[in-house]
Amino acid sequence: MSIYVVGSSKNLFLECDDIREKFIVDAPHEGANIDPLNPWYCELTGLYYLWKNATSKYVGLEHYRRFFASPKKNKQRMSKEEVETILKDNDIITCRFRHHPKVTGFSSGYDWFQKAGPADEFNAFIEIMNSKFNGLGDKFADYTQERELVQCNMFVSTKSVVDEYCEWLFPKLAAFDKYRGLSDSNRRIDGYLAEHIFGYWIRSRGLRNYVATKVEMHFLARAGSNI
């Protein structure tokens, strides 16, 4: 089992355990990587490296300041044994976020894209997904009208499931990058898009999704991360 804990060299991490290892996004990596794209891809830089280089049966992604918590032990991270037990009856572990206008100021993922600034990027993504990927853009736009999304690009699953997702996701992001272009004005956009499309993919595949009821945060983080 290998869970990448993603952060930058400016962040303070909790000490890793036997199933977790740091992935520093602003450090050079040997092997297949997308290190130069980190300002736009955020934690997906770690996901790509996991896809291309990890060999464990179970793999996952957490953040330097967010982690899946044990369902039984307060404030402790989910253990290897707990992950294996959950994945006996489920295909993937994720966390969920629910928009509420009175809390977040937004009613849905679509509302967030339109009001928070990246509306042009969202609309460009819809356009290229429709033209290159058999109308996927409209299906994705419909999905973002819902209040819930699978948050943070965080998960634990089997390597085979993650491989399938990455083979589906990264060509679409590459097509968007080519169509829209990457600049200082749209940093983080690929990470945002993936965070919203992840739930759509899980649903379209009919995966059994275990939504973790506890995702803990710690506050050792320093400012300035690209994730």
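The rules we used
Residues numbered from 1 in each chain as written. Predicted model: local features only at pLDDT ≥ 70, side-chain atom pairs only at ≥ 80, totals over all residues. Heavy atoms only, no water. Pairing = 2+ DSSP bridges. Helix = DSSP H or I, 4+ residues; strand = E, 2+ residues; numbered from the N terminus. Axes fitted to C-alpha atoms, helices over the stretch in contact; angles between N-to-C directions. pLDDT = per-residue confidence, 0-100. Contact = heavy atoms within 4.5 Å. Buried < 20%, exposed > 50% of the residue type's maximum accessible area, 1.4 Å probe, protein only. Salt bridge = Lys/Arg side-chain N within 4 Å of Asp/Glu carboxyl O. Phe/Tyr/Trp six-rings, centres within 6.5 Å; stacked < 30°, edge-to-face > 60°. Lys NZ or Arg CZ within 6 Å of the ring centre and 35° of its normal. Polar contact = N/O pair within 3.5 Å; in protein donor to acceptor, adjacent residues only side chain to side chain.

## Notes on the sheet that holds strand S1 (residues 2-7)
Then, in step 1: Pairing within the open sheet is mixed, and its 6 strands lie in the order S2-S1-S3-S8-S5-S9. Looking along the sheet, the strands with just one partner apiece sit at the ends: strand S2 (20-24) and strand S9 (209-211). Strand-to-strand, the axes of this sheet are offset by a mean angle of 20 degrees, without reference to chain direction.
Then, in step 2: Relative to strand S3 (residues 58-63), S1 is paired through 5 bridges, and the arrangement is parallel.

## Observations regarding the confidence of the model for the protein chain
Then, in step 1: Taken over all residues, the pLDDT of the protein chain has a mean of 93, while the share at 70 or more is 95%.
Then, in step 2: Below a pLDDT of 50 lies the segment residues 219-226, which in the model reaches 19 contacts outside its immediate sequence neighbourhood of four places, other chains included.

## Topic: the environment of Lys 22
Then, in step 1: Relative to the assigned elements, Lys 22 resides in strand S2.
Then, in step 2: The partly exposed category is assigned to Lys 22, whose relative accessible area is 48%.
Then, in step 3: Separated by 41 residues in sequence, Lys 22 and His 63 place their C-alpha atoms 9.2 Å apart.
Then, in step 4: Non-local contacts of Lys 22, meaning those with residues more than four positions away in its chain, are made with Val 5, Phe 13 and Cys 16.

## Considering the pattern of salt bridges
Oppositely charged side chains may form a pair once their charged atoms are brought near each other.
Then, in step 1: This model, assessed by the stated rule, comprises 11 salt bridges.
Then, in step 2: Two residues, Asp 17 and Arg 20, come together in a salt bridge whose shortest N-O distance is 2.8 Å.
Then, in step 3: Here Glu 148 makes a salt bridge to Arg 96, at a shortest N to O gap of 3.3 Å. Highlighted residues: Glu 148 in strand S7 (residues 148-150) and Arg 96 in strand S6 (residues 96-98), separated in sequence by 52 residues.

## Quick look at the packing of aromatic side chains
Then, in step 1: Scanning the entire structure with this criterion turns up 20 aromatic pairs.
Then, in step 2: The interplanar angle of 70 degrees and the centroid separation of 5.8 Å between the aromatic rings of Phe 125 and Phe 176 together place this pair among those described as edge-to-face. Taken as a pair, Phe 125 in helix H5 (residues 119-132) and Phe 176 in helix H7 (residues 159-180) lie far apart in primary sequence, 51 residues in all.
Then, in step 3: By relative accessible area, which is 0% here, Phe 176 ends up buried.
Then, in step 4: Here the aromatic residues Tyr 110, Trp 112, Phe 113, Phe 122, Phe 125, Phe 140, Phe 176 and Tyr 192 are joined through ring pairs into a cluster of three or more.
Then, in step 5: Sitting over the face of the ring of Trp 51, Lys 52 holds its NZ or CZ atom 4.0 Å from the ring centroid.
Then, in step 6: Arg 187 extends its terminal NZ or CZ atom over the ring of Trp 40, reaching a point 5.6 Å from the ring centre.

## Examining the side chain of His 63
Then, in step 1: As for its placement among the helices and strands, His 63 is situated in strand S3.
Then, in step 2: Residue classification places His 63 among the buried positions, given a relative accessible area of 5%.
Then, in step 3: A distance of 2.8 Å separates the side chain of His 63 from the side chain of Arg 66, its partner in a polar contact.
Then, in step 4: Reaching out from His 63, the side chain makes a polar contact with the backbone oxygen of Cys 152 at a distance of 2.9 Å.

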